[in-house]
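Single-letter residue listing:
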Amino acid sequence: MTNKLIYPELSYKINGIIFEVHNELGGSHLEKYYQKAIAIKLKKYNIQFVEQYYIPLMVENQIIGKYFLDFLIEDKIVLELKRGRYIPRNVYYQTNKYLQTLNLHLAIVACFATDVAVIKRIINQ
């Protein structure tokens, strides 16, 4: 196993945007407001993204469900946003499933708490 960071420059920019949004808005807002603010900042810094990226859940070539990622950034990084300080275990599992389905290697989960933004990286090896 290597200790190299995956997409270090882009990850650093995304983390900076998350902290910038938290510094401007603080905590206790609805998730959708953080999502709108993140989208504004991604545009400001010319970072390509798709908001509410659609992933169909398939069985035998039939769609049985669907998921929407908060962001797919530069076709490389999944960004999921949550409220609160802690990331529930099911969020880790679901985000890792997104990575596996899309054959991607990195997701960032950002939690917006009242006093801090908590950022966790999820790696699909």
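Residues numbered from 1 in each chain as written. Predicted model: local features only at pLDDT ≥ 70, side-chain atom pairs only at ≥ 80, totals over all residues. Heavy atoms only, no water.

Asker: Can you help me understand the packing of aromatic side chains in this one?
Answerer: Given two aromatic rings, one states the distance between the centres and the angle between the planes to describe the pair. Taken as a whole and judged by the stated rule, the model has four aromatic pairs. Residues Tyr54 and Phe68 carry aromatic rings whose centres are separated by 5.5 Å and whose planes lie at 50 degrees to one another, so their mutual orientation is tilted. Here Tyr54 is found in strand 1 (residues 49-59), whereas its partner Phe68 is found in strand 2 (residues 62-73), with 14 residues between them in sequence. With centroids separated by 5.7 Å and ring planes inclined at 65 degrees, the aromatic side chains of Tyr67 and Tyr98 adopt a geometry described as edge-to-face. Residue Tyr67 is located in strand 2, and its partner Tyr98 is located in helix 3 (residues 89-102); the two are separated by 31 residues in the primary sequence. Take Tyr67: its relative accessible area is 28%, and that puts it in the partly exposed class. (Phe/Tyr/Trp six-rings, centres within 6.5 Å; stacked < 30°, edge-to-face > 60°. Helix = DSSP H or I, 4+ residues; strand = E, 2+ residues; numbered from the N terminus. Buried < 20%, exposed > 50% of the residue type's maximum accessible area, 1.4 Å probe, protein only.)

Asker: What should I look at first to understand the pairing of strand 2 in this one?
Answerer: Each regular strand displays side chains that alternate between the two surfaces of the sheet. Taken together, the 10 bridges between strand 1 and strand 2 define a ladder with antiparallel strand orientation. Among the inter-strand pairings, Ile55 is bridged to a residue of strand 2, identified as Tyr67. Counting the residues that bridge the hairpin from strand 1 to strand 2 gives two residues, and of these Glu60 lies at a positive phi of roughly 50 degrees. Relative to strand 3 (residues 77-83), strand 2 runs antiparallel, the two sharing three bridges. Along strand 3, the bridge assignment pairs Leu72 with Val78. (Pairing = 2+ DSSP bridges.)

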